[in-house]
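Each chain, written out:
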Amino acid sequence: MTKVTAQMSVSVDGFYAGPQFDGDGDWMDSAESAGFFRVTRWATEAMAWRERQGFTGGEQDTNSDVIAETFAAAGAYVMGRRMADGGEVPWGEEPPFRAPVFVVTHRPRQRLLRGGGTSFTYVTDGVASAVEQARAAAGGKNVAVAGGGSLVRQVLKAGLLDELELHVVPVVLGTGLRLLDADLDLGDKEAIELTPTRVLHTPQVTHIRYEVGGRAPLVLDDRGRGGGPTVTRN
């Protein structure tokens, strides 16, 4: 069954990149870039990631297996326009997706065809439409929300996300682009409940996969009383 999934690398304090680049100068020299490359280092050092980019080398380990599994499970992708524009040149003529990519945007653009089975379709009528088009194109495999973080939040906020995998890197960035921010429109006594379904630990990163349960009220519990008064014995 097709699931809508997302996976993001984050610091221990929840940032997926440094402070947002203001467009002045080279992004590669920015604080946003520095934070992003720190939390994704585990991936760029993995053999499966390098092979997908057409590079050689890398480590064949648990982290590489996670990346290979993620690519194999995806039949289509949903992506934000900022990520698509930023990756267009570095990805080259044969991007790593090898599947249809649906780009959420306000600016129309003709469909872009690339080698290896990758295409970019620019969707201007919202995130729900992009997810639905990706479902139809996924051939029974998963729809992977590739990012960035703002798009992942939009999909989560809309109740369209079935599975979230966080790759938690043992570093504290202190500031930057936070993945789970205050724009989810949760009520004062409301939360989005998650159920952990898999945890894989490596020295570089801990991979935590969650099933997304949806919105639920925050209810005061009995504070450990077990339904009755707590008896203290000397």
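Before reading further, recall that the structure is shown in the block above.
Since the model is a prediction, treat every value here as computed from it, not as a measurement.

Visitor: So what exactly am I meant to see when it comes to the overall build of the chain here?
Guide: Across its full length, the chain holds 7 helices and 11 strands. In the chain, 62% of the contacts between residues at least 6 apart in sequence involve partners at least 24 apart. For the chain, the exposed area adds up to about 12900 Å²; of that, 52% sits on carbon and sulfur atoms. One way to put it: in the chain the 24 positive side-chain charges average out to a point 3 Å from where the 30 negative ones average out.

Visitor: How should the nonpolar core be read in this particular structure?
Guide: For soluble globular proteins, nonpolar side chains are generally found buried alongside one another. Counting 32 residues, the largest nonpolar core has Val 78, Val 145 and Leu 161 as its most contacted members. Setting aside residues up to four positions removed in sequence, Val 78 forms contacts with Phe 102, Val 104, Ala 130, Val 131, Ala 134, Val 143, Ala 144, Val 145, Ala 146, Gly 147 and Leu 151.

Visitor: Just to check I follow, could you spell out the pattern of salt bridges for this structure?
Guide: A side chain of one charge can pair with a side chain of the opposite charge when the charged atoms of the two come close. Overall, the coordinates contain 16 salt bridges when judged by the stated rule. Of the charged contacts, one joins Arg 107 and Asp 85 as a salt bridge, the two residues approaching to 3.3 Å between their closest N and O atoms. Note that Arg 107 is positioned in the loop between strand 4 (100-104) and strand 5 (112-113) and Asp 85 in helix 5 (residues 81-91), a separation of 22 residues in sequence. Each of the salt bridges in this network shares a partner with another, and the network as a whole consists of Lys 3, Glu 69, Glu 163, Glu 165, Arg 198 and Arg 209.

Visitor: Help me understand the sheet that holds strand 6 (residues 119-123), please; the structure alone is not making it clear to me.
Guide: Sheets are built from strands paired through backbone hydrogen bonds, the pairs being either parallel or antiparallel. Here 9 strands make up an open sheet; going across it, the order is 5-6-4-3-7-1-8-11-10 and the pairing mixed. Looking at strand neighbours, the two that pair on one side only are strand 5 and strand 10 (190-201), the edges of this open sheet. Pairing of strand 8 (residues 163-169) with strand 11 (residues 206-217), which is carried by 6 bridges, proceeds in the antiparallel orientation. In the strand pairing of strand 11, His 167 is matched with His 207. Contacting strand 1 (4-11), strand 3 (74-80), strand 4, strand 7 (142-147), strand 8, strand 10 and strand 11, helix 7 (residues 149-157) crosses the sheet at an angle of about 135° to strand 7.

How each quantity is defined
- Residues numbered from 1 in each chain as written.
- Predicted model: local features only at pLDDT ≥ 70, side-chain atom pairs only at ≥ 80, totals over all residues.
- Heavy atoms only, no water.
- Helix = DSSP H or I, 4+ residues; strand = E, 2+ residues; numbered from the N terminus.
- Contact = heavy atoms within 4.5 Å.
- Areas by Shrake-Rupley, 256 points an atom, 1.4 Å probe, with all protein chains shown as cover.
- Lys, Arg positive; Asp, Glu negative; His and termini not counted.
- Charge placed at Lys NZ, Arg CZ, Asp CG, Glu CD.
- Core = buried A, V, L, I, M, F, W, Y, C linked by side-chain atoms within 4.5 Å.
- Buried < 20%, exposed > 50% of the residue type's maximum accessible area, 1.4 Å probe, protein only.
- Salt bridge = Lys/Arg side-chain N within 4 Å of Asp/Glu carboxyl O.
- Pairing = 2+ DSSP bridges.
- Axes fitted to C-alpha atoms, helices over the stretch in contact; angles between N-to-C directions.

Keep in mind these values describe shape, not function.
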